[in-house]
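Descriptive analysis of the structure
So the chains spell out like this:
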Amino acid sequence: MAGAAVSLRALRRLCRVLLFLSQFYILSGGESTDMPPYVMKCPSNGLCSRLPADCVECKTNFSCVYGKPVTFDCTVKPSVTCVDQDFKSQKNFVINMTCRFCWQLPETDYECSNSTSCMTVSCPRQRYTANCTVRDHIHCLGNRTFPKMLYCNWTGGYKWSTALALSITLGGFGADRFYLGQWREGLGKLFSFGGLGIWTLIDVLLIGVGYVGPADGSLYI
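Reading the values: the criteria
Residues numbered from 1 in each chain as written. Predicted model: local features only at pLDDT ≥ 70, side-chain atom pairs only at ≥ 80, totals over all residues. Heavy atoms only, no water. Buried < 20%, exposed > 50% of the residue type's maximum accessible area, 1.4 Å probe, protein only. Helix = DSSP H or I, 4+ residues; strand = E, 2+ residues; numbered from the N terminus. Pairing = 2+ DSSP bridges. Axes fitted to C-alpha atoms, helices over the stretch in contact; angles between N-to-C directions. Disulfide = S-S within 2.5 Å. Phe/Tyr/Trp six-rings, centres within 6.5 Å; stacked < 30°, edge-to-face > 60°.

Let us now look at the pairing of strand β7 (residues 127-134). Burial along β7 is one-sided: Tyr128, Ala130, Cys132 and Val134 are buried, and none of Arg127, Thr129, Asn131 and Thr133, which face the opposite way, are. Bridge count for strand β6 (residues 110-112) against β7 is 3 bridges, and the pairing is antiparallel. Looking across to β7, one finds that Glu111 is bridged to Thr133. Note that β7 and strand β8 (residues 145-151) share 7 bridges and pair antiparallel. Following the sheet pairing, Thr133 is matched in β8 by Thr145.

Right under this line is the structure:
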């Protein structure tokens, strides 16, 4: 019994040493456990034809006719697993898409950065350069990230209905201009009693048609 107990303790110590050595080997770079960043976007054992574009590599043909259906041969990237319609594992497959570059996609197929430094209420309307990225499930030709000129369309939380109501009821005291952040015009209306009523009527019309907006250049909500 004593000999068996000693042998058991020795076996446990040997297991601990082997476990320590294996962990040290991994941490020292002997075996890499890092997964490619694109793997996080790739559903495991899903249909290959429905994988996000970052998960596959396709042999594209840039000479295809714009707007016409086209078929490309694709291969899944390393560490990505997918299946066909019969739930059999596969690496090579074909994908059907429309021949067009990424920057030619409709606005619903990509996301763009917003700008809060441009004036949305101006004549002519201002534009800004946005960085746009195609959505994961959309396939297209060329770079999936591209610049695009967009109209300023951000909002600072000002309500058109509130501004119009203030202009009608308290416009003579400049309440509408104060609300929109235009304190200089608000003081002018306050001390001139709304321009003897003329300025008040003009502001009601200008705010009503949306010509006068928030001072920060944002849109009404």
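Let's pick the thread back up.
Let's shift gears to the sheet that holds β8. One open sheet holds the 3 strands; their spatial order is β6-β7-β8, and the pairing between them is antiparallel. Looking at the sheet topology across the chains shown, the edges are occupied by β6 and β8. Adjacent strand axes in the sheet meet at a mean angle of 40°, parallel and antiparallel pairs treated alike.

Let us look at the state of the cysteines. Two cysteines form a disulfide when their sulfur atoms are joined by a covalent bond. For the structure on display, the rule yields 6 disulfides. Here Cys42 engages in a disulfide with Cys55; their sulfurs sit 1.9 Å apart. The sign of the -105° torsion about the S-S bond sets the Cys42-Cys55 disulfide as left-handed. You can see Cys42 sitting in the loop between α1 (2-27) and β1 (46-47) and its partner Cys55 sitting in the loop between β1 and β2 (56-59), a full 13 residues away along the chain.

Overall, the coordinates contain 2 aromatic pairs when judged by the stated rule. Here the aromatic rings of Phe62 and Phe101 are separated by 5.8 Å at their centres, their planes lie at 20°, and the arrangement is stacked. On the criterion of sequence distance, the pair formed by Phe62 in the loop between β2 and β3 (69-76) and Phe101 in the loop between β5 (92-98) and β6 is long-range, its members being 39 residues apart. When the centroid spacing of 5.4 Å and the interplanar angle of 75° are considered together, the rings of Tyr110 and Phe146 count as edge-to-face. With Tyr110 in strand β6 and Phe146 in strand β8, this pair connects stretches of sequence that are 36 residues apart. For Tyr110, a relative accessible area of 5% gives the class buried.

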